[in-house]
Amino acid sequence: MHHAYIAMGANLGDAYGTLCWARDAIAALGDMQASSRLYRTAPVGGPQASRTT
């Protein structure tokens, strides 16, 4: 038996909806054993976000 651990992230638009869609699409491929909770964290690195958006 093979196991895969997949980490996902989203930071544009409807991040929650995007991650739920991705989880459901992956689950449709086979036998998903578990899914962790979603965690929202502050951005790290990269360019500073504009305060006008």
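Residues numbered from 1 in each chain as written. Predicted model: local features only at pLDDT ≥ 70, side-chain atom pairs only at ≥ 80, totals over all residues. Heavy atoms only, no water.

Moving on, we come to the pattern of salt bridges. Summed over the entire model, instances satisfying the criterion amount to one salt bridge. Arg23 is the salt-bridge partner of Asp24, the closest N and O atoms lying 3.3 Å from each other. (Salt bridge = Lys/Arg side-chain N within 4 Å of Asp/Glu carboxyl O.)

Turning our eyes to something else, we now look at the layout of surface pockets. The method is simple in principle: a probe with the dimensions of a water molecule rolls over the atoms, and the space it marks as empty is what remains. Looking at the largest pocket, its volume works out to about 1,400 Å³. Taken together, 36 residues make up the lining of the largest pocket; nearest its centre are Ile6, Ala7, Met8, Ser35 and Ser36. Each residue belonging to the lining of the largest pocket can be placed in one class, and the counts come to 22 nonpolar, ten polar and four charged. (1 Å grid on protein atoms, 1.4 Å probe; cavity = no way out; pocket = protein on both sides within 12 Å on 5 of 7 lines; lining within 4 Å. Points joined across faces, edges and corners; volume = space filled by probe spheres on them. Nonpolar A, V, L, I, M, F, W, Y, C, P; charged D, E, K, R; others polar.)

Let's shift gears to a nonpolar patch on the surface. Residues Ile6, Met8, Ile26, Leu29 and Met32 make up a contiguous nonpolar surface patch of roughly 490 Å² in combined accessible area. Residue placement: Leu29 occurs in the segment after helix 1 (15–27). Since its relative accessible area comes to 75%, Leu29 is described here as exposed. (Patch = residues over 30% accessible without salt bridge, like charges linked within 9 Å, V, L, I, M, F, W, Y side chains within 5 Å. Areas by Shrake-Rupley, 256 points an atom, 1.4 Å probe, with all protein chains shown as cover. Helix = DSSP H or I, 4+ residues; strand = E, 2+ residues; numbered from the N terminus. Buried < 20%, exposed > 50% of the residue type's maximum accessible area, 1.4 Å probe, protein only.)

It is worth spelling out helix 1 at this point. Relative to the 18 Å expected for 13 residues at 1.5 Å per residue, helix 1 spans 18 Å between its end C-alpha atoms, a close match to the ideal helical length. When we look at burial in helix 1, the residues that qualify are Ala15, Leu19, Cys20 and Ala22. Down the axis of helix 1, the buried set is contained in an arc of 160 degrees. They therefore lie on one face. (Expected span 1.5 Å × (residues − 1). Arc of directions from axis to C-beta.)

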